[in-house]
Amino acid sequence: MLFRSGISCRAVCRGLLYAGLIVGLSINAGADEKKQKGAKKAPTPTARFLNGIELTAEQKEKVAALDKELAPESQKITKMRAEILTETQKSAERDAQKAARTAGKTPAETKKSVDEALKLTDEQKEKMKSVQQAQQAFTAKAIEGLKKILTSEQAAKLPNPAGAKGKGGKKKQQ
């Protein structure tokens with residue numbers, strides 16, 4: 001029937017091929033958009049401190065500005081840490097964190113599990129000490145910045161920086 005109307009088989013095949021290509025490309029473009037929309041964004045530098053704290057619009061703007069200020073330092077610490085660990089260790093760390101989360105372990109138990117999974121060399125342990133010091137200084141800086149933005153009730157919900165004296169800390173033995 002098609003051939004009687006003057007349309008060749010080659011033209012029909014070519015048309016179907018083009019239609020298939022167009023459909024395939026449009027489906028692929030839609031998948032790329034979904035990947036971008038669904039891609040996980042890295043948490044902001046202050047996000048882990050603000051869990052459970054409701055912010056006003058003005059506070060959100062100020063926190064966003066603080067995040068922008070802190071981002072380079074946070075990225076630097078992340079990069080320092082990433083350069084110390086091997087790919088195998090990074091994978092083992094992710095697996096240990098996931099297992100601890102699934103098991104409902106406390107942060108201290110999670111840290112212990114992750115430390116065991118990493119199997120750091122003595123050299124890596126020494127390098128990690130400087131990363132931990134940088135992380136502690138960063139945490140203190142972030143919390144101090146947040147305290148300037150939050151109300152006293154909100155600020156009371158913030159964690160104490162490592163090494164700070166407060167409730168739950170170990171008492172000195174004399």
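Residues numbered from 1 in each chain as written. Predicted model: local features only at pLDDT ≥ 70, side-chain atom pairs only at ≥ 80, totals over all residues. Heavy atoms only, no water.

Undergrad: It is not clear to me how the overall build of the protein chain should be interpreted in this structure. Could you clarify?
TA: For the protein chain, the helix and strand inventory stands at six helices and zero strands. Start at the N end of the protein chain and walk to the C end: the helices and strands fall as α-α-α-α-α-α. Every one of the 174 residues in the protein chain was classed for burial, and the buried ones make up 22%. Long-range contacts, defined as pairs at least 24 residues apart, comprise 68% of the intrachain contacts of the protein chain with a sequence gap of at least 6. As displayed, the protein chain has an accessible area near 13,900 Å², and 56% of this comes from carbon and sulfur atoms. (Helix = DSSP H or I, 4+ residues; strand = E, 2+ residues; numbered from the N terminus. Buried < 20%, exposed > 50% of the residue type's maximum accessible area, 1.4 Å probe, protein only. Contact = heavy atoms within 4.5 Å. Areas by Shrake-Rupley, 256 points an atom, 1.4 Å probe, with all protein chains shown as cover.)

Undergrad: What exactly am I supposed to notice about the pattern of salt bridges here?
TA: Should the charged atoms of two oppositely charged side chains come close, the side chains can pair. Following the criterion strictly, the structure yields eight salt bridges and no others. The salt bridge involving glutamate 58 is made with lysine 62; its shortest N-O contact spans 3.2 Å. One end of the pair is glutamate 58 and the other is lysine 62, both in helix H2 (residues 57–84) and four residues apart, which spans about a single turn. In this structure, lysine 90 engages glutamate 87 in a salt bridge whose closest nitrogen and oxygen atoms are separated by 3.3 Å. With lysine 90 and glutamate 87 both in helix H3 (residues 87–103) and three residues apart, this pair spans about one turn of that helix. A relative accessible area of 18% places lysine 90 in the buried class. (Salt bridge = Lys/Arg side-chain N within 4 Å of Asp/Glu carboxyl O.)

Undergrad: I would appreciate a short explanation of unusual backbone geometry in the present structure.
TA: Despite not being glycine, lysine 119 has its phi angle at roughly 50 degrees, a positive value. Take lysine 119: it is sitting in the loop between helix H4 (107–118) and helix H5 (122–149).

Undergrad: I'm lost on the packing of H2 against H5 in this one. Help?
TA: Packing of H2 against H5 brings their axes to within 10 Å, and their N-to-C directions diverge by 180 degrees. In this view, H2 runs roughly antiparallel relative to H5, as classed from their interaxial angle. Of the residues belonging to the contact of H2 with H5, the class tally is 13 nonpolar, six polar and six charged. (Axes fitted to C-alpha atoms, helices over the stretch in contact; angles between N-to-C directions. Parallel < 35°, antiparallel > 145°, perpendicular 65-115°, else oblique. Nonpolar A, V, L, I, M, F, W, Y, C, P; charged D, E, K, R; others polar.)

Undergrad: Can you help me understand the nonpolar core in this one?
TA: Side chains of nonpolar character tend, in soluble globular proteins, to be buried together. Counting residues in each nonpolar core, the largest one holds 23 residues, and the members touching the most others are Leu50, Leu146, Leu150 and Leu158. Counting residues per element, the ones that place at least two in this core are H2, H4 and H5. It is H5 that contributes the most residues to this core, seven residues altogether. Among all residues touching leucine 150, those that are not within four sequence positions of it are Leu50, Ile53, Leu55, Gln59, Ala155 and Leu158. (Core = buried A, V, L, I, M, F, W, Y, C linked by side-chain atoms within 4.5 Å.)

Undergrad: When you look at the side chain of glutamine 59 in this model, what are you seeing that I'm missing?
TA: Turning to its location among the elements, glutamine 59 is positioned in helix H2. Within the structure, glutamine 59 has its side chain in polar contact with the backbone nitrogen of threonine 56 (distance 2.9 Å). For glutamine 59, the residues in contact, after removing those within four places along its chain, are Glu54, Ile149, Leu150, Thr151 and Gln154. (Polar contact = N/O pair within 3.5 Å; in protein donor to acceptor, adjacent residues only side chain to side chain.)

Undergrad: What am I meant to see in the environment of proline 107 here?
TA: Locating proline 107 in the fold gives a position in helix H4. For the pair formed by proline 107 and glutamine 97, sequence separation is ten residues and the distance between their alpha carbons is 9.9 Å.

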